[in-house]
Amino acid sequence: MKKFVCLIICVVIAFAGAVTAFADSIAYENVKYGFSVTLPDGFLVIDRSTLSKNSEFIEKIGYSVESFSAKLEQSNIVMYAADRDNSRQVQVKHWESDFSKGIGNLSALDDERLATALATMAKPLSADGNSLINSAIGEVGNSVYLCYTVQVDGKFCYTEYITVVNGYCYSLVYYNSSAEFSAEEIKERDAVIAALSISGAESDSIWGSYGLSLRLISAVLLIAAVVFAVYLISSFVRDIRNRHNSPEVIPDHIKMKYK
């Protein structure tokens, strides 16, 4: 338990220190999906409402507006951002699953179940020749994240941060185009996740305002809740695994220039 708490503290410190990494930045807010994020200066930001406006860039990276739109829909991408040569990408995804509907907020899980979810969901990420570089549990504001860094086919890397807020899964993914992250890319990546804000994150978890009442629930109901949580975690793992088994879904990198 002490190691687990220390791990969270280290990740929180890293996130907090990364806020200073942006000398210049681009603020982006998506009201429909309830999040905002700050991106590095020079990044082009595309969402489903600005596809036609960015047709020139989309065609330059090998897509038509229609095929790029289909890619976003298929992969649940609600915001895509990239630098000018598409060698670094940031994506935000939004979807709903049995797990997200059941727990409402990832912070509702206790330390033990968070650790179980982290370890279980890491397994499919290292399949098919991919290498799991590290995994951790982090916290930004009131949102808890499952964090994974993966190397894909020895060609590029990505870090994915997954959370659940207000019954929906949110994922922020940072991609590069080489076999490892440089020091500058790590600094940039950490600054992006540190700046991510999800509007539902401040709502009470199931252990919040009803905490006193929940303490009075019988042991039978508590056991039932644990069993249900295990079922939900399993369903979420299946959801993630199915995504990885689908062609070009996870990792959902948009064609990029490799170094």
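Residues numbered from 1 in each chain as written. Predicted model: local features only at pLDDT ≥ 70, side-chain atom pairs only at ≥ 80, totals over all residues. Heavy atoms only, no water.

**Details of the pairing of strand 7 (residues 143–152)**
The side chains of a regular strand alternate, residue by residue, between the two faces of the sheet. What counts is decided by this rule: For every residue, the accessible area (1.4 Å probe, protein chains only) is compared with the maximum for its type, and the residue is labelled buried under 20%, exposed over 50%, or partly exposed between those bounds. Secondary structure counts use DSSP, requiring at least four H or I residues in a row for a helix and at least two E residues in a row for a strand, with both numbered from the N terminus. Each pair of strands is called paired provided DSSP finds at least two bridges between the two strands.
The element strand 7 is extensively covered by neighbouring structure, given that nine of its ten residues are classed as buried. In this structure, strand 6 (residues 131–140) lies alongside strand 7, joined through nine bridges in antiparallel fashion. Across the sheet, residue E139 finds its bridge partner in strand 7, namely V144. From the end of strand 6 to the start of strand 7, which pair antiparallel, there are two residues, and G141 there has a positive phi angle of about 60 degrees. Two strands pair when backbone bridges link them, and strand 7 and strand 8 (residues 156–165) are joined in this way by seven bridges, in the antiparallel orientation. Within strand 8, the position partnered with L146 by the bridge is I162. Between strand 7 and the antiparallel strand that follows it, strand 8, lie three residues; D153 among them carries a positive phi value of about 55 degrees.

**A word on the confidence of the model for the protein**
For clarity, the threshold we go by: Confidence scores here are pLDDT values: one per residue, from the predictor, ranging 0 to 100. The contact rule is simple, with two residues in contact once any of their heavy atoms fall within 4.5 Å.
The pLDDT averaged across the protein works out to 78; a share of 68% of its residues lies at or above 70. In the predicted structure, residues 201–227 sits below a pLDDT of 50 and forms 21 contacts with residues beyond four places in sequence or in another chain.

**Examining the nonpolar core**
Defined as follows: Here, nonpolar core refers to any group of buried Ala, Val, Leu, Ile, Met, Phe, Trp, Tyr and Cys residues whose side-chain atoms link them within 4.5 Å.
Counting residues in each nonpolar core, the largest one holds 26 residues, and the members touching the most others are F35, M79, V90 and L172. Secondary-structure elements contributing two or more residues to this core are strand 2 (35–40), strand 4 (77–82), strand 5 (89–95), strand 7, strand 8, strand 9 (168–175) and helix 6 (183–195). Those residues within four positions of L172 in sequence are excluded, and the remaining contacts are V37, V90, Q91, V92, T159, E160, Y161, V192, I193 and L196. Membership of the second largest hydrophobic core comes to 24 residues, among which are I103, M121, L146 and V152.

**Description of the pairing of strand 8**
For strand 8, the tally of buried residues reaches ten of ten residues, placing the bulk of the element in the interior. Both faces of strand 8 are covered, namely the face carrying F156, Y158, E160, I162 and V164 and the face carrying C157, T159, Y161, T163 and V165. Where strand 8 lies against strand 9, eight bridges are found, and the strand directions are antiparallel. Counterpart to E160 in the pairing with strand 9 is V173. Linking strand 8 to strand 9, which pair antiparallel, is a turn of two residues; within it N166 sits at a positive phi near 50 degrees.

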